[in-house]
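Reading the structure
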Amino acid sequence: MDRLSVDHLIGIENLTREDIQLIFKTADSFKEVINRPIKKVPSLRDITIANLFFENSTRTRLSFELAEKRLSADIVNFSAASSSVKKGETLVDTVNNILSMKVDMVVMRHPNPGAAKFLSERVDAKIVNAGDGTHEHPTQALLDSYSIRERLGAVEGKKVAIVGDILHSRVALSNIYCLQKLGAEVMVCGPTTLIPRYMDQLGVKVEHNLQKAIEWCDVANMLRIQLERQDIKYFPSLREYSMQYGLTLDMLKSLDKEIVVMHPGPINRGVEITSDVADSDQAIILDQVENGVAVRMAVIYLLAAQIGRQ
Ligand code: CP
């Protein structure tokens, strides 16, 4: 069986192009499984997975849980809000206590950048990063590129504009790594205050005009403004932001081509994207969510294969 070059999924930065292609090939088989009347395979019957969420989540949490159930893994769910973390227990102590109950893999979302890597160096379990602060959200980027491949036939050679709050977005950084490894051209677009200075060092184009960005791209990935991570004001008001950077149906109709519109969710309708765009045939937002289950099944399956009990 083909194997990943990494022991944990910490970020796309650590993956090779071959790793990503292996995940996609494996996800193709699982996508077929989850569209069958019986959506389950017995592959991970002897694997136990803990889902540790120290930050809010709807899509990622449900998607991982479904992926694990479809693979027949045993799962335990942990939410920081109702745990002994509130009583002062450290992350490593919390996880080691969970692991002593014979857990093989930990899927973790945490507000601190680097938390998944920190954990992978200190505990004896496979670690899957489900989003670490403003750093990386690797499975989101994998499902995003998988969805582009599904809609456009390939990622290689495509032009992708990532629009919005790049500064606070783990989705943006993971997408940049993933798209570039697969041979896409990447542009980031947003107000100067929300584009980090190091972007040009990553080899991406920088654009501050949304109309120009959508004229350039084949795919526009519209990101949410992360107000919860903004400690100062980066733009005058949400209304002003949406006037400059909100994607509307009129803008899409003004193009002499049809671009694909993506959004990782949760959507703020009327801010970064209007309702008619979000609900249009050009938007593949719900396809992204559907593909997330197959992609996460692939990641978990491939990491579990390294445990050697399958
Ligand atoms: N896309 C994403 O990570 O959504 P959630 O925060 O709901 O998991």
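Provided above is the structure to which this section pertains.
Predicted model, so just to flag it, every value in this text is computed and none were measured.

What the protein chain contains, in helices and strands, is eleven helices and nine strands. Taken over C-alpha atoms, the radius of gyration comes to 19 Å for the protein chain, in line with the 19 Å a tight globule of 310 residues would show. Projecting the C-alpha coordinates of the protein chain onto the three principal axes gives extents of approximately 55 × 45 × 35 Å. A buried classification covers 56% of the 310 residues belonging to the protein chain. In the protein chain, the share of contacts with a sequence separation of at least 24, taken over all contacts with a separation of at least 6, comes to 74%. Distance from the positive charge centre (37 side chains) to the negative charge centre (40 side chains) of the protein chain: 3 Å.

Next up on the list: the side chain of Asn 175. Within the secondary structure, Asn 175 sits in helix α6 (residues 170-181). A distance of 2.9 Å separates polar atoms of two side chains, one belonging to Asn 175 and the other to Asp 144.

With that out of the way, let us pick up the sheet that holds strand β2 (residues 74-79). If you trace the four strands from one edge of the open sheet to the other, you get β2-β1-β3-β4, paired in parallel fashion. A single partner strand is all that each edge strand has here, and the edge strands are β2 and β4 (126-132). Sheet twist, expressed as the mean angle between neighbouring strand axes with direction ignored, is 15 degrees. Strand direction decides the pairing type here: strand β1 (residues 48-53) and β2, joined by six bridges, are parallel. Residue pairing for β2: Thr 48 is matched across the bridge by Asp 74. Where helix α11 (residues 285-304) meets the sheet, it contacts β1, β3 (105-110) and β4, and its direction lies at approximately 150 degrees from that of β4.

Let us now look at helix α5 (residues 138-152). Taking 1.5 Å of rise per residue, 15 residues should cover 21 Å, and α5 covers 21 Å from first to last C-alpha, within 8% of that figure. Where burial is concerned, most of α5 is hidden: eleven out of the 15 residues are buried. Taken as a whole, α5 has its buried residues at Pro 138, Thr 139, Gln 140, Ala 141, Leu 142, Leu 143, Asp 144, Ser 145, Tyr 146, Ser 147 and Ile 148.

The next point concerns the packing of helix α1 (residues 17-34) against α11. Across the interface, α1 lies against α11 with an axial gap of 8 Å and an inter-helix angle of 120 degrees. As judged from the angle between their axes, α1 and α11 are oblique. Taken as a pair, α1 and α11 cross one another with a handedness that is right-handed. For the pair formed by α1 and α11, the contact residues are Leu 22, Ile 23, Thr 26, Ala 27, Phe 30, Lys 31 and Ile 34 on the first element and Glu 290, Asn 291, Val 293, Ala 294, Val 295, Met 297, Ala 298, Val 299, Tyr 301 and Leu 302 on the second. Partitioning the contact of α1 with α11 into residue classes produces 13 nonpolar, two polar and two charged.

We now examine the side chain of Ser 147. Inspection of the secondary structure assignment puts Ser 147 in helix α5. With sequence-adjacent residues up to four places away left out, Ser 147 is seen in contact with Met 262, Ile 284, Asp 287, Gln 288 and Asn 291.

A separate point is helix α2 (residues 59-70). Compared with the 16 Å implied by 1.5 Å per residue over twelve residues, the 16 Å span of α2 between its first and last C-alpha is a close match. Among all positions of α2, only Thr 60, Ser 63, Phe 64, Glu 65, Ala 67 and Glu 68 are buried. Contact partners of the buried residues in α2: β1, β2, β3, β4, α5 and α11. The positive-phi residue at the C-terminal boundary of α2 is Ser 72, with phi of around 70 degrees.

Looking now at the pairing of strand β6 (residues 185-189). The element β6 is largely enclosed, with a buried count of four among its five residues. Here five bridges tie strand β5 (residues 159-163) to β6, and the two strands are oriented parallel to one another. Paired with Ile 162 across the strands is Val 188, a residue of β6. Regarding the hand of the β-α-β motif, the stretch spanning β5, α6 and β6 is right-handed. Note: β6 against strand β7 (residues 205-207), three bridges, orientation parallel. Across the sheet, the residue bridging to Met 187 is Lys 205, located in β7.

Attention now moves to the sheet that holds strand β8 (residues 219-222). Hydrogen bonding along the main chain pairs the strands of a sheet, whether they run parallel or antiparallel. Ordered in space as β7-β6-β5-β8-β9, the five strands form an open sheet in which the pairing is parallel. In the strand order of this sheet, the two ends are held by β7 and β9 (260-262), each with one partner. Strand-to-strand twist of the sheet, defined as the mean angle between neighbouring strand axes without regard to direction, takes the value 20 degrees. Sitting on the sheet, α5 is in contact with β5, β8 and β9, with an inclination near 160 degrees to β9.

Reading the values: rules and limits
Residues numbered from 1 in each chain as written. Predicted model: local features only at pLDDT ≥ 70, side-chain atom pairs only at ≥ 80, totals over all residues. Heavy atoms only, no water. Helix = DSSP H or I, 4+ residues; strand = E, 2+ residues; numbered from the N terminus. Rg over C-alpha atoms; globule rule 2.2 N^0.38 Å. Buried < 20%, exposed > 50% of the residue type's maximum accessible area, 1.4 Å probe, protein only. Contact = heavy atoms within 4.5 Å. Lys, Arg positive; Asp, Glu negative; His and termini not counted. Charge placed at Lys NZ, Arg CZ, Asp CG, Glu CD. Polar contact = N/O pair within 3.5 Å; in protein donor to acceptor, adjacent residues only side chain to side chain. Pairing = 2+ DSSP bridges. Axes fitted to C-alpha atoms, helices over the stretch in contact; angles between N-to-C directions. Expected span 1.5 Å × (residues − 1). Parallel < 35°, antiparallel > 145°, perpendicular 65-115°, else oblique. Left-handed = near helix turned anticlockwise from the far one by under 90°. Nonpolar A, V, L, I, M, F, W, Y, C, P; charged D, E, K, R; others polar. Right-handed = clockwise from strand over helix to strand, strands pointing away.

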